[in-house]
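Chains, contacts and geometry: an overview
Letter by letter, the chains look like this.
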Amino acid sequence: MKKSVFWVLCFCLLSVCVVSVTAHPLVRVYVNGTQVAFDQPPIIENDRTLVPMRRIFEAMGIEVKWSEPTQTITSTKGNDTVTMVVGKNQVIKNGQVVYTMDVPAKIVQERALVPIRAVAVAFDADVAWDAKNYVINIQTEGEMDGYLKEIRADDGTILMTISLTTTPIQSQDIAKEIQQQMKQKFDAMVTKYEQVAKTAYADAKKEQKEWIPYYYMGIYVTNAENEKFTSISLEERVYTGQKEQKTLSSMTYHTKTKKLADLTDIVPDTEKEIQTVIENGFLAMIAENPSGFYDDAKKRLSKSLDDVGYYLTKDGIVFYINPETIAPAEAGIIAFSVSFDW
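Structure report, in brief. (Residues numbered from 1 in each chain as written. Predicted model: local features only at pLDDT ≥ 70, side-chain atom pairs only at ≥ 80, totals over all residues. Heavy atoms only, no water.)

Scanning the protein for helices and strands turns up seven helices and 21 strands. Taking all 342 residues of the protein together, the buried fraction comes to 49%. Long-range contacts, defined as pairs at least 24 residues apart, comprise 55% of the intrachain contacts of the protein with a sequence gap of at least 6. When the accessible surface of the protein is summed, it comes to about 17,200 Å², and 48% of that surface belongs to carbon and sulfur atoms. (Helix = DSSP H or I, 4+ residues; strand = E, 2+ residues; numbered from the N terminus. Buried < 20%, exposed > 50% of the residue type's maximum accessible area, 1.4 Å probe, protein only. Contact = heavy atoms within 4.5 Å. Areas by Shrake-Rupley, 256 points an atom, 1.4 Å probe, with all protein chains shown as cover.)

Here the focus is the nonpolar core. Val29, Ile56, Phe57, Val91, Val114, Ile138 and Ile162 are the most contacted members of the largest nonpolar core, which has 67 residues in total. Residue contributions to this core peak at twelve residues, all from helix α4 (residues 172–206). What Val114 contacts, discounting residues up to four positions off in sequence, is Thr49, Leu50, Val51, Met53, Ile56, Ile73, Met84, Ala105 and Val119. Ala224, Phe293, Ala331 and Trp342 belong to the second largest nonpolar core, which has 29 residues in total. (Core = buried A, V, L, I, M, F, W, Y, C linked by side-chain atoms within 4.5 Å.)

In this section: the packing of aromatic side chains. Applying the stated criterion across every chain yields a total of eleven aromatic pairs. Seen from their ring centres, Phe282 and Phe336 are 5.1 Å apart, and the 75° between their planes marks the pair as edge-to-face. Residue Phe282 is found in helix α6 (residues 271–288), and its partner Phe336 is found in strand β21 (residues 334–339); the two are separated by 54 residues along the sequence. The class for Phe282 is buried, based on a relative accessible area of 0%. Among the aromatic residues, ring-to-ring pairing joins Tyr99, Tyr201, Trp211, Tyr214, Tyr215 and Tyr239 into one connected group. Against the face of Tyr294 rests Arg300, its NZ or CZ located 4.0 Å from the ring centre. (Phe/Tyr/Trp six-rings, centres within 6.5 Å; stacked < 30°, edge-to-face > 60°. Lys NZ or Arg CZ within 6 Å of the ring centre and 35° of its normal.)

Quick look at α4 now. An ideal rise of 1.5 Å per residue puts 51 Å on 35 residues; α4 measures up with 50 Å between its terminal C-alpha atoms. Largest kink in α4: about 30°, centred on Tyr193. Of all the positions in α4, only Ile174, Ala175, Ile178, Met182, Phe186, Met189, Val190, Tyr193, Ala197, Ala200, Tyr201 and Ala204 are classed as buried. Phi for Gln208, located one or two positions after α4, is positive at around 55°. (Expected span 1.5 Å × (residues − 1). Bend = angle between axes of the 7 residues up to and from the residue.)

This brings us to the sheet that holds strand β20 (residues 316–321). The strands making up a sheet associate through backbone hydrogen bonding, with each pair oriented either parallel or antiparallel. As summarised here, the arrangement of the three strands in space is β19-β20-β21, forming an open sheet in which the pairing is antiparallel. Either end of the sheet is taken by a strand with one partner, and the two such strands are β19 (309–313) and β21. Neighbour-to-neighbour, the strand axes of this sheet turn through a mean angle of 20°, independent of strand direction. Where β20 lies against β21, six bridges are found, and the strand directions are antiparallel. By the bridge assignment for β21, Ile321 is matched with Ile334. (Pairing = 2+ DSSP bridges. Axes fitted to C-alpha atoms, helices over the stretch in contact; angles between N-to-C directions.)

Here we come to the side chain of Glu236. Secondary-structure assignment places Glu236 in strand β17 (residues 229–239). Separated by 3.4 Å, the side chains of Glu236 and Lys185 make a polar contact. (Polar contact = N/O pair within 3.5 Å; in protein donor to acceptor, adjacent residues only side chain to side chain.)

One open sheet accounts for four strands, arranged β3-β4-β11-β10; its pairing is antiparallel. Both edges of this open sheet fall to β3 (43–45) and β10 (106–108), since each of them pairs with a single strand only. Each strand of the sheet is rotated relative to its neighbour by a mean of 40°, with strand direction disregarded. Relative to strand β4 (residues 48–52), β3 runs antiparallel, the two sharing three bridges. Within β4, the residue paired with Ile44 across the bridge is Thr49.

On to the pattern of salt bridges. Throughout the structure, instances matching the rule amount to 17 salt bridges. Arg152 serves as the salt-bridge partner of Glu150, at 2.9 Å between the closest nitrogen and oxygen. Of the charged contacts in the structure, one is a salt bridge between Asp187 and Lys183, with a shortest N-O distance of 2.6 Å. Placement of both Asp187 and Lys183 in helix α4 is noted, with a separation of four residues, approximately one turn of the helix. Several salt bridges share partner residues, and in doing so they unite Arg48, Asp102, Arg117, Glu235, Arg237 and Glu244 into one network. (Salt bridge = Lys/Arg side-chain N within 4 Å of Asp/Glu carboxyl O.)

The phi torsion at Gln109 lies on the positive side, around 50°, for a residue other than glycine. Within the secondary structure, Gln109 is located in the loop between β10 and β11 (111–115). A positive phi is found at Lys258, a non-glycine position, where the angle reads about 70°. Structurally, Lys258 can be placed in the loop between β18 (245–254) and α5 (263–266). A relative accessible area of 36% means that Lys258 is categorised as partly exposed.

Geometry only, nothing functional implied.
Spelled out as structure tokens, the structure:
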């Protein structure tokens, strides 16, 4: 591993964070396993992917109409009608605000582009983002399993949506383990946020402030799986009135025994050697783009090496560190990958 790791660190460092609209690999979008072809390529702006509205809605089986005078996108599926207005942040479903976008719909090259996560949330679809390969997978046909709860006020207003889903896992034993974890986490999130949302809504009504629904979205993604290891990550996004918070956690199992695997079970290096590789990887990223990190990022990194997570991919290992550890929240999750045949 040592030769391959240091070789890759010299030439193939990859940052998952996207701070602004910059050059990036072509984003590929799949709906229920089928790739969607776009005449205007998707763009990434402030860590959000925007795609041409008509193609994505049609791929999801949603009828869409565009009003040029009002710059309004109206989409319909079954009994649900969702509207978005170019330049405005609210997603309105059946007359109620159900989501607030960090980046609103916009016009690019005479095409209306919409944030893909807003579309998915509005129509109860699931979105998985492969940051290494710039691939988005949307599932609308029940291929993901999970839990969903809408917390409502007595007057029917949606206060918060809590959802937790998982992609398929081949190992039945590990799938059961993740299902148990998911149920426990879902119950914990409902307990944690239900009264918080109700209290905040009551305060907003008293102060005659506009109510923007809260949300918690979590998705377990199977990043890699073979007869030796099964590697799963959990991406969580939370909005409770302030800026959205995003965190990533992960776990890698021995597929046969269902026991959690340490990195030393996967690679031949010692813990000290692995830690050196991880530290050098993040230091190289800081040196490459110092303005994207805290001024004292190196000192923060040395104190946070135990907080670095990892997960396996078919090509190697991804090491990551969560927002606000060595870089501002706007930078997102910071990560680099190394090639390794595990």
